[in-house]
Amino acid sequence: MSRAKTRHPCLNRLYHQYLTDENSAAFIKAVSERYTLATLQQLAHHGGHITRRAAVLSLGFLAGYESNALLGRALHDRDRGVRMLADNAIRDVWFRAGSESQRQQLAILSRLNGSRQFDEAAELAGQLIDDAPWLAEAWNQRAIAYFHLSRYEDSANDCQQTLEMNPYHFGAAVGMAHCYLEMNDPFAALTTFRRALRLNPSMESIRAQVDYLQRSLEGR
């Protein structure tokens, strides 16, 4: 058995304590004092299933965008608990790219879309894209705004840009598929929903959508 699976009872203990008291601040402090991000990344890949859960949870709290690929791979972990934690963690790290100012703007974009202020979100996202065109989440947030403004082709294009810069962004793949549905292209929607499932196989609602579209198209 590898050392990664046997030498980290402390991380497992901290994880079980977190499950008991749900004190995220204490968990973050304790983990950050004992483990580097590099070690957590190694444990998320090589540890036993409890250690992998603890490491992925920790990365969700502590890691930046550099952990995106690792968390994307963790979405395929054989342990369901790891997959669920990776789903939450990777959504968080998508907002941790760029400078501090750019990250603040991403947070504002998310709030604007969440409060259905889609015109404002689209305008601010465009400004951020002009400033940092490599920032995948800026494209995704504009795609969300465009979708709700019924600009489905523009939204699909922004989803594609998101995926070109962040190939683990299952949310953009789902968004693109919904755009194709609105544009009355169920074949493209089915293909893109399948792409989303390849990125995140745990999305049961999307799996159900794939099954429904398959049956509908077979019945034509």
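Coordinates for the structure precede this section.
Thresholds applied
Along each chain, numbering runs from 1 in the same order as the chain's sequence is written. Reporting in this predicted model follows two pLDDT cut-offs: at least 70 for local features of residues, and 80 or more for side-chain atom pairs to be given and counted; totals over whole chains, interfaces and linings ignore these cut-offs and use all residues. Each side-chain value is derived from all of the structure's non-hydrogen atoms; neither hydrogens nor water enter the calculation. Segments assigned H or I by DSSP are reported as helices when at least four residues long, segments assigned E as strands when at least two residues long, and all are numbered from the N terminus. In this description the radius of gyration comes from C-alpha coordinates, and the expected globular size is given by 2.2 Å times residues to the power 0.38. Buried residues are those whose accessible area, probed at 1.4 Å on protein chains only, stays under 20% of the maximum for their type, while exposed residues exceed 50% and partly exposed ones sit between those limits. In this description, the term disulfide denotes a pair of cysteine sulfurs within 2.5 Å. For helices, the fitted line uses only the C-alpha atoms of the stretch in contact; every axis is such a line through C-alpha atoms, and the angle between N-to-C directions lies from 0 to 180 degrees. Note that the term roughly parallel is reserved for angles under 35 degrees, roughly antiparallel for angles over 145, roughly perpendicular for angles of 65 to 115, and oblique for everything else. Note: crossing handedness is left-handed where the near helix turns anticlockwise from the far helix by less than a right angle, and right-handed where it turns clockwise. Between two residues, a contact is recorded if the distance between any of their heavy atoms is within 4.5 Å. Under the convention adopted here, Pro, Cys and the residues Ala, Val, Leu, Ile, Met, Phe, Trp and Tyr are nonpolar, Asp, Glu, Lys and Arg are charged, and Gly plus all remaining residues are polar.

Asker: It is not clear to me how the overall build of the protein chain should be interpreted in this structure. Could you clarify?
Answerer: A count of helical and extended segments in the protein chain gives 14 helices and 0 strands. For the protein chain, the sequential pattern of α-helices and β-strands runs α-α-α-α-α-α-α-α-α-α-α-α-α-α. A globule of 220 residues ought to have a C-alpha radius of gyration of about 17 Å, and the protein chain, at 19 Å, matches this closely. Split into buried and exposed, the 220 residues of the protein chain put 45% on the buried side.

Asker: Teacher, can you tell me more about unusual backbone geometry here?
Answerer: Leaving glycine aside, a negative phi is the common case for residues, and trans is the common case for peptide bonds. One non-glycine residue, Ser150, adopts positive backbone phi at about 65°. The topology assignment puts Ser150 in the loop between α10 (136–148) and α11 (152–165). For Ser150, a relative accessible area of 46% puts it in the partly exposed group. Although it is not a glycine, Asn184 adopts a positive phi angle of roughly 60°. For Asn184, the position within the fold is in the loop between α12 (170–182) and α13 (186–199).

Asker: Could you clarify how one ought to interpret the state of the cysteines in this entry?
Answerer: Defined simply, a disulfide is a covalent bond joining two cysteines at their sulfur atoms. Here the structure, examined in full by the defined rule, presents 0 disulfides. Here Cys159 stays free of any disulfide, with the sulfur of Cys179 as its closest cysteine sulfur at 5.0 Å. A relative accessible area of 2% places Cys159 in the buried class.

Asker: Explain the environment of Asp154 here, please?
Answerer: Mapped onto the elements of the fold, Asp154 is located in helix α11. Sequence-wise, Asp154 and Ala143 are 11 residues apart; in three dimensions their C-alpha atoms are separated by 7.2 Å.

Asker: Please explain the packing of α13 against helix α14 (residues 204–218) as it appears in this structure.
Answerer: Packing of α13 against α14 brings their axes to within 10 Å, and their N-to-C directions diverge by 150°. The orientation of α13 relative to α14 falls into the category roughly antiparallel. As for how α13 packs across α14, the hand of that crossing is left-handed. On the side of α13, the interface is formed by Pro186, Phe187, Ala189, Leu190, Phe193, Arg194 and Leu197, while α14 contributes Ile206, Arg207, Gln209, Val210, Leu213, Gln214 and Leu217. Grouping the constituent residues of the contact of α13 with α14 by class yields 10 nonpolar, 2 polar and 2 charged.

Asker: Even after reading the chapter, I still don't get the packing of helix α3 (residues 24–34) against helix α5 (residues 49–62), so can you show me in this structure?
Answerer: Helix packing geometry: the angle between the two helix axes and the distance between the axes. Packing of α3 against α5 leaves a shortest axis separation of 10 Å and a crossing angle of 100°. Compared by their axis directions, α3 and α5 come out roughly perpendicular. Between α3 and α5, the contacting residues are Ser24, Phe27, Ile28, Val31 and Ser32 on the first element and Ala54, Leu57, Ser58, Phe61 and Leu62 on the second. Each residue belonging to the contact of α3 with α5 can be placed in one class, and the counts come to 7 nonpolar, 3 polar and no charged.

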